[in-house]
Amino acid sequence: QGPAAPRLVERTVPHGTGLLGWSIKHRTPLVVDDPSQDPRHAAELASEIGVVPHHLLVAPLIDGEDAIGGIEIIDQRSSARDGDGPWNTDDLKLLVLIAAQAAGAIGMARRRSEQSNADRLASIGRMLAGLLHDLKTPMTIISGYAQLMAAMDDPAQRDKYVEQIQRQFDLMAGMTREVLAFARGDTDLVMRKVYVHRFAEDLSKQLGAAVYGRGIDFEVETRYDGTAYFDEQKLMRVFHNLASNAIEAMPDGGHLRVAIERDRDELVWTVRDTGPGIPEHVRGRMFDLFATGRKGGTGLGLAIVKKIIDDHRGMIRPQTGPAGTTFVIRLPLTRALDGEQGES
Ligand SMILES: Nc1ncnc2c1ncn2[C@@H]1O[C@H](COP(=O)(O)OP(=O)(O)OP(=O)(O)O)[C@@H](O)[C@H]1O
Ligand SMILES: [Mg+2]
């Protein structure tokens, strides 16, 4: 602020210029009477800016190891201040104290903003890792359908495969949108009213394609014929991740069964396989990021599952043993928890 400010801001001067520059460079506070007599004074710069200092107090801003700036107090009056005489070392001590406070506050603010950037980057990294993990599913399905198409002469059947491939591309586009939404800062679920039967049919088709040709006896059993509120795409991902673990656990085939039923105000989903069970050493931390019990696993699948269920304010319980693994998921049937009765 002040008349000289517009001529001062956005000006760059070499490091160490003037008494302030010297003070910063040498990390030393100074009190100077009549700077024009001091060889360190940047007289040209001062007159360019339109400031003629007669007395100066300068102190560097030191934050930890770094000199991050300086404070300069200028008295332009030629006589000593109103009867007080020129500035003395007591004034300088006071300025040094103020400089220490200011430097600490600036440093703290900088570190805080660096930290929150780092946090954001770290979560974008996790998100991207999640995206790459989830893109594997539609890519596998697309490649499967493409192979089937190549071997298929019947145009009607080919059209069906094209439709399925198109669906997978839509899914991938949805995932991309989600990551971008996250980068913008909103991670909201897209809660919609869903006809559970229709969702179950879709689930049956998609997981059916995933288990196809693997000797796995697969079935979806729906014992609830109403509606519920959830994020369809995200929940579909939950079942893809659970199914892909089950498939990996049953290389020689087995049974995979998904059951859907209502228990009072909750929708209960059960995913049961007949694999060898979750290895003991991963059991306690299977929902942690990067906890994996198999070669080539990234350990993201169940962490993503847990996150999605938590976001829905639901619960997930694993039961596992040598006869197989069951995951029971409970989701609130309505959005009453949010105090919303949303219709979409
Ligand atoms: N149904 C299951 N049967 C046996 N083991 C399982 C089952 N589900 C999960 N596991 C074990 O839990 C581990 C963690 O699963 P998770 O899906 O989180 O990661 P991943 O499958 O190893 O890797 P990713 O899913 O990221 O490709 C698996 O590596 C596996 O050892
Ligand atoms: Mg997995």
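For the structure itself, consult the block above.
What comes next is a walk through the structure. (Residues numbered from 1 in each chain as written. Chains lettered and ligands numbered in written order. Predicted model: local features only at pLDDT ≥ 70, side-chain atom pairs only at ≥ 80, totals over all residues. Heavy atoms only, no water.)

Here we look at the site of ligand 1
Residues in close proximity to ligand 1 total 20 residues, the closest being N245, D273, T292, G293 and T298. Contacts to ligand 1 include D273, whose side-chain N or O atom sits 2.8 Å from a nitrogen atom. Contacts to ligand 1 include L302, whose backbone N or O atom sits 2.8 Å from an oxygen atom. Burial of ligand 1 by the protein chains amounts to 96% of its free accessible area of 590 Å². Contributions of two or more residues to the shell around ligand 1 are made by α4 (89–150), α7 (232–249) and α9 (301–311). Among the elements that take part in the shell around ligand 1, α7 stands out by supplying three residues, more than any other. When grouped by side-chain class, the residues that make up the shell around ligand 1 number seven nonpolar, ten polar and three charged. (Near = heavy atom within 4 Å. Polar contact = N/O pair within 3.5 Å; in protein donor to acceptor, adjacent residues only side chain to side chain. Areas by Shrake-Rupley, 256 points an atom, 1.4 Å probe, with all protein chains shown as cover. Helix = DSSP H or I, 4+ residues; strand = E, 2+ residues; numbered from the N terminus. Nonpolar A, V, L, I, M, F, W, Y, C, P; charged D, E, K, R; others polar.)

Points about helix α6 (residues 196–211)
In an α-helix there are 3.6 residues to a turn, and that puts residues three or four apart on one side. Its 16 residues give α6 an end-to-end C-alpha distance of 22 Å, which sits within 8% of 22 Å, the value for a rise of 1.5 Å per residue. Residues of α6 that are buried include every one of V196, F199, A200, D202, L203, Q206, L207 and V211, and no others. Down the axis of α6, the buried set is contained in an arc of 165°. They therefore lie on one face. Pointing more than 90 degrees away from the buried face of α6 are the exposed residues R198 and K205. (Expected span 1.5 Å × (residues − 1). Buried < 20%, exposed > 50% of the residue type's maximum accessible area, 1.4 Å probe, protein only. Arc of directions from axis to C-beta.)

As for unusual backbone geometry
A positive phi angle, near 50°, is found at R264, a position not held by glycine. When you line up the elements, R264 lands in the loop between β7 (254–263) and β8 (266–273). Under the relative-accessibility criterion, R264 is labelled exposed at 68%.

Description of a negative patch on the surface
A cluster of like negative charges, contributed by D153, D154, D159 and E163, occupies part of the molecular surface. Looking at the element boundaries, D154 is found in the loop between α4 and α5 (155–184). Exposure remark for D154: the relative accessible area of 37% places this residue in the partly exposed category. (Patch = residues over 30% accessible without salt bridge, like charges linked within 9 Å, V, L, I, M, F, W, Y side chains within 5 Å. Salt bridge = Lys/Arg side-chain N within 4 Å of Asp/Glu carboxyl O. Lys, Arg positive; Asp, Glu negative; His and termini not counted. Charge placed at Lys NZ, Arg CZ, Asp CG, Glu CD.)

Overview of the environment of E219
By the element assignment, E219 lies in strand β5 (residues 216–222). What makes E219 partly exposed here is its relative accessible area of 41%. Spatially, the C-alpha atoms of E219 and A323 are 18 Å apart, while their sequence positions differ by 104 residues. Excluding residues that lie within four positions of it along the chain, E219 makes contacts with L256, R257 and V258. (Contact = heavy atoms within 4.5 Å.)

Digging into the nonpolar core
A general tendency of soluble globular proteins is for nonpolar side chains to be buried together. Counting 42 residues, the largest nonpolar core has L235, F239, L256, L267, W269 and I329 as the members making the most contacts within it. At the level of secondary structure, the elements contributing two or more residues to this core comprise α6, β5, β6 (227–230), α7, β7, β8, α9 and β10 (324–332). Among the elements that line this core, the one with the most residues is α7, at eight residues. When neighbours within four sequence positions are excluded, W269 is seen to be in contact with F199, F230, L235, F239, A259, I260, F327, V328, I329 and L331. Membership of the second largest hydrophobic core comes to eleven residues, among which are L135, L171, M172 and M175. (Core = buried A, V, L, I, M, F, W, Y, C linked by side-chain atoms within 4.5 Å.)

As for a nonpolar patch on the surface
A surface patch of nonpolar side chains, amounting to about 300 Å² of accessible area, comprises L94, L97 and I98. Looking at where I98 falls in the secondary structure, it is placed in helix α4. Given a relative accessible area of 44%, I98 falls into the partly exposed group.

Re the sheet that holds β8
Think of a sheet as strands paired side by side through backbone hydrogen bonds, with each pair either parallel or antiparallel. The sheet built from five strands is open, its strands ordered β5-β7-β8-β10-β9 with mixed pairing. In this open sheet, the two strands that pair with only one neighbour each are β5 and β9 (315–321). Mean inter-strand twist for the sheet, computed between neighbouring axes without regard to direction, equals 10°. Against the sheet, α9 makes contact with β9 and β10, and its axis sits at roughly 145° relative to β9, the strand it touches most. (Pairing = 2+ DSSP bridges. Axes fitted to C-alpha atoms, helices over the stretch in contact; angles between N-to-C directions.)

Points about the pairing of strand β1 (residues 30–33)
Side chains of β1 alternate between two faces, with L30 and V32 buried and V31 and D33 left unburied. Strand direction decides the pairing type here: β1 and strand β2 (residues 55–63), joined by four bridges, are antiparallel. Bridge assignment links V31 to a residue of β2, and that residue is L57.

Some words on the side chain of H55
By the element assignment, H55 lies in strand β2. Among the residues examined, H55 registers a relative accessible area of 9% and is labelled buried. A polar atom in the side chain of H55 sits 2.4 Å from the side chain of D33.

Some thoughts on the packing of α6 against α7
For the pair α6 and α7, the least separation of the axes is 10 Å and the interaxial angle reads 35°. Seen along the crossing, α6 lies across α7 with a hand that is right-handed. Within the contact between the two elements, α6 uses F199, D202, L203, Q206, L207, A210 and V211 and α7 uses E232, L235, M236, F239, H240, A243 and I247. Residue classes in the contact of α6 with α7 are distributed as ten nonpolar, two polar and two charged. (Left-handed = near helix turned anticlockwise from the far one by under 90°.)

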